[in-house]
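# An overview of the molecular structure
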Amino acid sequence: MSAETGQFDVIVVGAGLSGLYALYRLRERGFTARVLEAGSGVGGTWYWNRYPGARCDVESVQYSYSFSKELRQEWTWSERYGGQPEILRYINFVADRFDLRRDIQFNTRVVSAVFNDETNLWSVETDQGDLFSATYCIMATGCLSTPYEPDYPGLGDYQGDLYHTGRWPHEEVDFSGMRVGVIGTGATAIQLIPVVAKQAQHLTVFQRTANYSIPGHNQPADSEADREFEANFDARYDKARHSFAGMSGYSSPRVSALEDEPAERNRYFEERWASGGGTFAMLTTYRDLLVNPEANDLAAEFVREKIRSIVKDPAVAELLTPRNQPIGAKRLPVDTFYFETYNRDNVSLVDIRSAPIERVTAKGLRTSERAYEFDALILATGFDAMTGALLAMNVRRESGPTLKEAWAEGPKSYLGIMVAGFPNMFTITGPGSPSVKMNMIYAIEQHVEWAVDCIDHLRSQGLDRIAPTETAQEDWVEHAREVAETTLMPEADSWYMGANIPGKPRVFMPYFGGFERYWQLCNEIVADGYRGFETSGPHDLAANLTEPRKDPVPALPS
Ligand code: N01
């Protein structure tokens, strides 16, 4: 591939759900943009995470772009919770529907992005040797896009098939007749284990921390309900916007879990467990589940009791029972027969908390107690979340510190969307925004719209530079910290806290004040003349900023 150079109004990094919508929106406003994507196709997290059982745990109709009525009406989901292949087909459909591919460069990983104060341009370099420049950079790099591989001694010596769930091969992997090992019992492993167990001759699961999980009760889409959702879309979307997690259809928690009688509480938990409403259904039962340890433990104990009732071997059930961590303080997975899978004869569970993995060997691995041999080893060990992809690039201001230096004590941003000292760079669903604590797709749309409106506003004002003030950023970081500390979130060793990555600062990274509050605040800040931001311009090359194109977006078929 020959190296390219070029100047655009905006460089977008990543062609997942965020990058695609950013491109659509930028074109709509007449900006020139180039999207740079490391993968060979669109889809981001849904492109990379192709492991068996991968599925969204937000209902498909709510995990769809809202911005185009035509798009909503042209696409029909086949399942209540879409599987990865169908979600990837949907994202490809969107790319084709809006003719987005012509502005996307695939197989191109951004290695550095440097802002020059004099030219007012970002210089963006790729691993293909390209050098692009742009007034604005939209980092659509995803929250869970940098896989984490533990640094086990001997990992390079392993001679069997080695997989990481976050970099799954494109061709089908068949584990039939194989001895398979899986390390990890997070949301990913919980989806993968029941599927691999059905194929493998024997599956050994290495668990460090037991996890809560609730059944998804996935089923074919209810076309009547989906039609009704679309017919009432505006009202449903408005409800989602005014909700904590960007979702509609869940009743708001009414009372404290401590206020209900045990029988009533149990009935209510049972109802939610059976509903298949996922994480949100269970965590919105009572208003204090995520803030009061006593209330939380009632829900936790309900799930523990379910585990004991499902898993037949009491010793295995005991090992699978989470303790000393509040339910919901790690992401609460949604499963399809996860706990039931441990009743199979070909599945065994190994506690690596009491007997840690010491090394990977040519044939398998060795814990402090014994050696295991496998034909295939799967690392379901998660991601360097929220900051991993941003810090993997050399992002810096020519005259200032790198982003890595600026975030040495944890990520700092204003609203999770811009970073003081890094002008004209937008971080879609960045740390400090609700992002992973809500319906991601609505979070993405809100951030993209905010960023593109902001760029458009600058153009209309003859300005071309914006960055948050240090003071506004500090206040936001402090506010986000205070909000998190009123909850049980900091108590778990979760990826939200950066606790899964050795040496990563322990900071609760998402904003947990709820979408409604956040969205309204973002709007107020704009209405108040971009309160907390400094703007300036035009700088030298501002005149190059594109005049709006006349017909930037292909006409929709009638
Ligand atoms: O990653 P995780 P994930 N030695 O970090 C273990 C989203 N998602 O890929 O708990 C041994 O949660 C680790 O053990 P411990 C969702 O937001 C969404 O499963 O740290 N074990 C844990 O068991 C989710 O939260 C969907 O003690 C090690 C596991 O590996 C996020 O992705 C579906 C280890 C990692 O769990 C990440 O989930 C799937 C080590 N050195 C995922 N290092 C949807 O439905 C790690 N582990 C949308």
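Residues numbered from 1 in each chain as written. Predicted model: local features only at pLDDT ≥ 70, side-chain atom pairs only at ≥ 80, totals over all residues. Heavy atoms only, no water.

### Regarding the domain arrangement of the chain
Many descriptions give the size of an interface as the accessible area lost when the pieces come together. For clarity, the cut-off: Those domain boundaries reflect an automatic or database domain assignment. Here a residue-residue contact requires only that any non-hydrogen atoms of the pair lie within 4.5 Å. Summed over both partners, the accessible area lost on bringing two parts together, with a 1.4 Å probe, is the buried area. Any carboxyl oxygen of Asp or Glu that lies within 4 Å of a side-chain nitrogen of Lys or Arg is treated as forming a salt bridge with it. Polar contact is the term for a pair of N or O atoms within 3.5 Å; when the atoms are in protein, one must be able to donate a hydrogen and the other to accept it, and sequence-neighboring residues count only if both atoms are side-chain atoms. The classification used treats Ala, Val, Leu, Ile, Met, Phe, Trp, Tyr, Cys and Pro as nonpolar, Asp, Glu, Lys and Arg as charged, and all other residues, Gly among them, as polar.
As assigned here, the chain comprises domain 1 (5-42 + 100-146 + 385-464) and domain 2 (181-379). The gap between the C-alpha centroids of domain 1 and domain 2 is 33 Å. Of the residues lining the interface, 7 residues belong to domain 1; the matching set on domain 2 comes to 10 residues. Taking both partners together, domain 1 and domain 2 bury about 610 Å²; carbon and sulfur atoms supply 51% of that area. Summed over the shared surface of domain 1 and domain 2, the number is 1 salt bridge. A salt bridge links Glu-449 to Arg-241; the shortest N-O distance between them is 3.8 Å. In this assembly, domain 1 and domain 2 are joined by 2 residue pairs in polar contact (both at pLDDT 80 or more). Counted by class, the side of domain 1 that touches domain 2 contains 3 nonpolar, 1 polar and 3 charged residues.

### Section: unusual backbone geometry
Note the threshold: Helix and strand assignments come from DSSP, with helices taken as H or I runs of at least 4 residues and strands as E runs of at least 2, each series counted from the N terminus.
Following Gly-537, the chain continues to Pro-538 via a peptide bond in cis, the omega torsion being 0°. Structurally, the position occupied by Pro-538 is in the segment after β20 (533-536). Here the phi dihedral of Asp-99 falls at roughly 50°; this positive angle occurs in a residue that is not glycine. Relative to the helices and strands, Asp-99 resides in the loop between α4 (84-97) and β3 (104-105). Phi is positive for Asn-324, close to 55°, though the residue is something other than glycine.

### Topic: the sheet that holds strand β14 (residues 364-367)
Strands belonging to one sheet form pairs held by backbone hydrogen bonds; the direction of such a pair is parallel or antiparallel. Applicable threshold: Here, any two strands with at least 2 DSSP bridges between them count as paired. To obtain each axis, a line is fitted to C-alpha atoms, and for helices this fit is confined to the stretch in contact; angles are then taken between N-to-C directions over 0 to 180 degrees.
Taken in spatial order, the 3 strands line up as β13-β14-β15 in an open sheet, and their pairing is antiparallel. Of all strands in the sheet, those with a lone pairing partner are β13 (357-360) and β15 (371-373), marking the two edges. Averaged over neighbouring strand pairs, the angle between their axes works out to 20° when direction is ignored. Where β13 meets β14, 3 bridges bridge the pair, whose relative direction is antiparallel. Across the sheet, residue Val-360 finds its bridge partner in β14, namely Leu-365.

### Points about the pattern of salt bridges
Threshold: Classification of residues uses two cut-offs on accessible area relative to the type maximum, computed with a 1.4 Å probe and protein chains only: under 20% is buried, over 50% is exposed, and between them is partly exposed.
With the rule as written, the count across this model stands at 34 salt bridges. Put simply, Asp-99 and Arg-102 hold a salt bridge, and the shortest N to O gap is 2.7 Å. Given a relative accessible area of 35%, Asp-99 falls into the partly exposed group. Judged by relative accessible area, which is 46%, Arg-102 ranks as partly exposed.

### A closer look at the site of the ligand
Selection criterion: Any residue with a heavy atom positioned within 4 Å of a molecule or strand is treated as near that molecule or strand. Surface exposure here means Shrake-Rupley accessible area, sampled with a 1.4 Å probe, where a residue is shielded only by the protein chains that are shown.
Around the ligand lies a shell of 26 residues, among which Tyr-152, Thr-185, Thr-188, Thr-209 and Trp-495 are the nearest. In this structure, an oxygen atom belonging to the ligand sits 2.8 Å away from a side-chain N or O atom of Arg-208. Here an oxygen atom of the ligand sits 2.8 Å away from a polar atom, N or O, in the side chain of Lys-330. Compared with its free state, where it exposes 920 Å², the ligand has 88% of that area covered by protein. The dominant element in the shell around the ligand, judged by the number of residues it contributes, is helix α5 (residues 187-199), at 3 residues.

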